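Next come the chains, spelled out residue by residue.
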Number of protein chains: 2
Amino acid sequence: MPVKTSAQPSANPRKKPRQARAQATVDAILQAAAHILVGQGFEGFNTNVVAERAGASVGSLYQYFPNKEAIISEMVRAKRARLLNGLQAAEAAHQESELPEALAALVAATIAHQKGWPQLSQALDRAAALVPLSVEGTALTAAILELLQRVLRRHDVADVEIAALDLLSLCRGMIDGALLRGETDTAALQARVMRAASGYLGIAVT
Amino acid sequence: MPVKTSAQPSANPRKKPRQARAQATVDAILQAAAHILVGQGFEGFNTNVVAERAGASVGSLYQYFPNKEAIISEMVRAKRARLLNGLQAAEAAHQESELPEALAALVAATIAHQKGWPQLSQALDRAAALVPLSVEGTALTAAILELLQRVLRRHDVADVEIAALDLLSLCRGMIDGALLRGETDTAALQARVMRAASGYLGIAVT
DNA sequence: TCAATATGTGAGTGATTACTCATATTTTGG
DNA sequence: CCAAAATATGAGTAATCACTCACATATTGA
């Protein structure tokens, strides 16, 4: 009857997967976590069921994630990284373009990013507010904002800090809402978002 | 985390407060619930602590709310009702106005509504996604959308269903974001939202 | 071949918490 | 003044769940 200490959320640094087998386990856990989050919501998201769905044991899960929140945190981090990637590609492709074209490319990248699995996108956005984000996750968010500010500044937009935040909120709201209610015509969605964004910036729509 | 209990979360219809004393208890519970939700988030929101903060006992709480979710549900219902009220007043005051003026009034009403306690607004919006809303709450949401559609239709906007949803998403995103990061200049916020909304509708800003 | 290391296991532990119920107190109507 | 109705109480109950640990199995590298 080993009297053990109460289960405390240890901040222990966990192992990094070094063998392919371990990486597969981590991937399976993240996959399972995504399904649970979408299917049962944050409420039904618990480590036991995530491990079970992943075909692993809770013990394995805790080898790679120090606590429940870290799983969500990693999913958010990965998603932000993908978005930043898309936006960077759009930025690079429009170094010489005018603002409307550059903006259109950024909006298109954002729509494409959310389009794949909008329910997961939404669930992660919500969950991100409930768990402490990793420093890397926070840094990615900042990087996304900075990219936007950079593009706006290059085209002499005023108040770039506020404008970047507003445009991000505006796009996220519209895109999230539209994709969640099942819209599939992304071209039409893109056009509507561009009307709002262009109006905000006081430029003509292309 | 919250889960069901052995004794099934009875869907029993609970008592309505008939004496002033009872109404005061209910009010105190809702007040306390708001503070807890803002302070500890949905995670830390549990019936024991809500009752304690309200200066009542858990037993009393369960006299008036069939379960934990019902508390949130009622808060959401009340908030939606207040928003609808504000929008109806704006609509009534602009039966004869042109679209830009009517729209401005609706935006102003929305900003005023969120402005009082933006953290609570946000917390409730998030929480609304986690609990089953009452039929009345759902009906209020529908009524808000219908009001918007009615105004747009009166001014011959095309695709009113989509437009109403887009405008709501757009406004909510921008207003929520701005107020949460501490913006206090509501006139400036109003102007920015109007630029986006006007751009969306293809009308000139007033 | 064979240690050393990496990975996997899952029953068990303590903490939390939604909700009940037997009982006590207050208010009301006549 | 008094019963009936309304309201309040809070210890207790069973369920859930994050997390650990002692141990088993697989892989690696020399």
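Residues numbered from 1 in each chain as written. Chains lettered and ligands numbered in written order. Predicted model: local features only at pLDDT ≥ 70, side-chain atom pairs only at ≥ 80, totals over all residues. Heavy atoms only, no water.

**Some points on unusual backbone geometry**
- Positive phi, close to 60°, is recorded for A:D156, a residue that is not glycine.
- Tracing the backbone through its elements, the reader meets A:D156 in the loop between α7 (135–154) and α8 (160–180). (Helix = DSSP H or I, 4+ residues; strand = E, 2+ residues; numbered from the N terminus.)

**A look at the nonpolar core**
- Counting 76 residues, the largest nonpolar core has A:L152, A:L170, A:Y200, A:L201, B:L152, B:L170 and B:L201 as the members making the most contacts within it.
- Beyond its immediate stretch of four places on either side in the chain, B:L201 contacts B:L99, B:L103, B:L152, B:V157 and B:L167. (Core = buried A, V, L, I, M, F, W, Y, C linked by side-chain atoms within 4.5 Å. Buried < 20%, exposed > 50% of the residue type's maximum accessible area, 1.4 Å probe, protein only. Contact = heavy atoms within 4.5 Å.)

**Looking at the pattern of salt bridges**
- Enumeration according to the criterion identifies 18 salt bridges over all chains in this entry.
- Linking A:K79 and A:D125 is a salt bridge whose minimum nitrogen-to-oxygen distance equals 3.8 Å. Of the two residues, A:K79 is situated in helix α4 (residues 68–93) and A:D125 in helix α6 (residues 118–128); the sequence distance between them amounts to 46 residues.
- A relative accessible area of 10% means that A:K79 is categorised as buried.
- It is possible to trace a salt-bridge network through shared partners that takes in A:D166, B:R181, B:E183 and B:R192. (Salt bridge = Lys/Arg side-chain N within 4 Å of Asp/Glu carboxyl O.)

**A closer look at the packing of helix α1 (residues 20–40) of chain B against helix α2 (residues 47–54) of chain B**
All names here are of chain B.
- Running from amino to carboxyl end, α1 crosses α2 at an angle of 120°, the nearest separation of the two axes being 8 Å. One finds that α1 runs oblique with respect to α2. Here the hand of the crossing between α1 and α2 comes out right-handed. Where α1 abuts α2, its residues A28, I29, A32, A33, H35 and I36 lie against V49, V50, R53 and A54. (Axes fitted to C-alpha atoms, helices over the stretch in contact; angles between N-to-C directions. Parallel < 35°, antiparallel > 145°, perpendicular 65-115°, else oblique. Left-handed = near helix turned anticlockwise from the far one by under 90°.)

**A word on α8(A)**
- Helix length check: α8(A) (21 residues) gives 29 Å between terminal C-alpha atoms against 30 Å at 1.5 Å per residue, within 8%.
- A positive phi of about 95° marks A:G182, the residue just after α8(A). (Expected span 1.5 Å × (residues − 1).)

**Regarding the confidence of the model for chain A**
- For chain A, per-residue confidence averages 93 on the pLDDT scale, and residues scoring 70 or more make up 93% of the total.
- In the model, residues 1–9 of chain A has pLDDT below 50 throughout and makes 0 contacts with residues more than four positions away in sequence or in other chains. (pLDDT = per-residue confidence, 0-100.)

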